[in-house]
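So the chains spell out like this:
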Amino acid sequence: MMMGIIMSYFASLSFAFLFNLNKKTAFFTAFGGSIGWAFFTLGMDLGVDPPVAYFFGALALTFYSEIMARIMKTPVTSYVTPALIPLVPGGGLYQTMLKSLSGDYNGAIKEGLNTLMYSGALAIGILVVFTLIKTYYSLRRKLEVYEKN
Amino acid sequence: MDNKRLIKLASWAGKIILESGGEIYRVEETITKLMIAYGIKDAESFVTPTGIMVSLTDEEGNVISLIQRVTKSNVDLEKVSLINSLSRQVAIKHLSLDELHEKLQVIDERKPYPLLFQLFMAALSGFSFTLLFGGNFADASVALFIGIGIRIIQHYTREIKLNGIFINILGGGFVAISSVFITKTLPFEMHLNTIIIGSIMLLVPGIAFTNGIRDTLMGDYLSGVSRGMEAFLIAVGIAIGVGMILGITGNF
């Protein structure tokens, strides 16, 4: 587990630099990758379904990214994108391709659907946090306007 | 106020964000915010992943509009962030159009990290992903070199403006052929699958995926769909590249 957290840090870090982020932002961004991976493996260890584990991971890393982006006054994408990379189901994609090539179509469909489901779970995880934060801020703004009047 | 110049500068700012991998709503917001900051009351922008349309109405009711075609260049999240803070700056303190032009020029001409540093980061990426997916040290060391190779391919194919899907087929093919070759020739205990999975992560469509989600969420369904499609096609491209080589060499 510790190994995974360290390696996902470096994986995110390398992508942050490849996306041309400055050094300070890159080092902070990479923690998001670790956090996402930690929650993902935690979910897997607890024995939940893999899509739910992916969902947890995406939830945690997006939450971290939103907070950091607001503190550092940078767009959220700079934080979410590199942090999300370790969770992208590249292995599932590979297995799908391998199975469909070797003629195991049942296996290929199963792997393909799983991969789609994992990406969907990631998307929903990100979406939930984005929506919550947006709602929170628009509610707060409304409350401020209300109090002024 | 020189409105013609303003609309040009505003859409230039938008173009930089769009090229560097920003979301649609951020481009639209930046363009209208910039124009409003210079005292225009009626400013509109409509942006898709491949083009920007801006229009501005001045006090006498004259309409000026501008269309700009945008082609993808390299992802550069730093530029997105810089333009973002520039548009905040403009809203607070008044910059003249000349100053704005100068600042945009500086941001637009920013160079990415030197190639050597990028190669180092690509190596780190291959190495850490292979370990992350359960490879041993030998696997990771092989992926390190494959990572460098992928980055070199990406760099030079982008320079000659090759089609994005073809770049990924090429990249996938390179990953497969070099990992098959290395695992067959070197006498260490290595896992072909882990090396390939660890190395193809460098090709994975991260930006298209996150931006697709964000665009969909902000109500820009058109670009949400097209970016989702882009991510899907990139994934298919990688699979074709890897699959073709593994098929030819008979490795599955």
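Residues numbered from 1 in each chain as written. Chains lettered and ligands numbered in written order. Predicted model: local features only at pLDDT ≥ 70, side-chain atom pairs only at ≥ 80, totals over all residues.

## Remarks on the overall build of chain B
Working step 1: The helix and strand inventory of chain B stands at 10 helices and 3 strands.
Working step 2: By its C-alpha atoms, chain B is 80 × 30 × 30 Å across when sized along the principal axes.
Working step 3: Long-range pairs, those at least 24 residues apart, make up 67% of the contacts in chain B between residues at least 6 apart in sequence. (Helix = DSSP H or I, 4+ residues; strand = E, 2+ residues; numbered from the N terminus. Contact = placed C-beta atoms within 7 Å.)

## Observations concerning the interface of chain B and chain A
Working step 1: On the chain A side, the residues contacting the 43 residues of chain B number 37 residues.
Working step 2: For the side of chain B that touches chain A, the secondary-structure elements that each account for two or more residues are helix 3 (77-92), helix 5 (115-132), helix 8 (192-200), helix 9 (206-217) and helix 10 (221-249) of chain B.
Working step 3: At 9 residues, helix 5 of chain B tops the list of elements feeding residues into the side of chain B that touches chain A.
Working step 4: A class-by-class count of the residues in the side of chain B that touches chain A yields 26 nonpolar, 12 polar and 5 charged. (Nonpolar A, V, L, I, M, F, W, Y, C, P; charged D, E, K, R; others polar.)

## Notes on the domain arrangement of chain B
Residue and element names in this part refer to chain B.
Working step 1: Its domain assignment divides chain B into domain 1 (3-108) and domain 2 (115-249).
Working step 2: Contacts between the two partners involve 8 residues from domain 1 and, on the opposite side, 11 residues from domain 2.
Working step 3: Partitioned by chemical class, the residues of the side of domain 1 that touches domain 2 number 4 nonpolar, 3 polar and 1 charged. (Domains from an automatic or database assignment.)

## Digging into the sheet that holds strand 3 (residues 63-69) of chain B
Residues and elements named next belong to chain B.
Working step 1: Read from one edge of the open sheet, 3 strands run 1-2-3, paired in antiparallel fashion. One side of each edge strand has no neighbouring strand; the edge strands of this open sheet are strand 1 (42-48) and strand 3. Recorded for the sheet is a direction-independent mean angle of 10° between the axes of neighbouring strands.
Working step 2: Pairing analysis gives 7 bridges linking strand 2 (residues 51-57) to strand 3, with the strands arranged antiparallel. Bridged to Ile52 within strand 3 is Gln68.
Working step 3: Where helix 2 (residues 24-37) meets the sheet, its contacts fall on strand 1 and strand 2, and the angle it forms with strand 1 comes to roughly 160°. (Pairing = 2+ DSSP bridges. Axes fitted to C-alpha atoms, helices over the stretch in contact; angles between N-to-C directions.)

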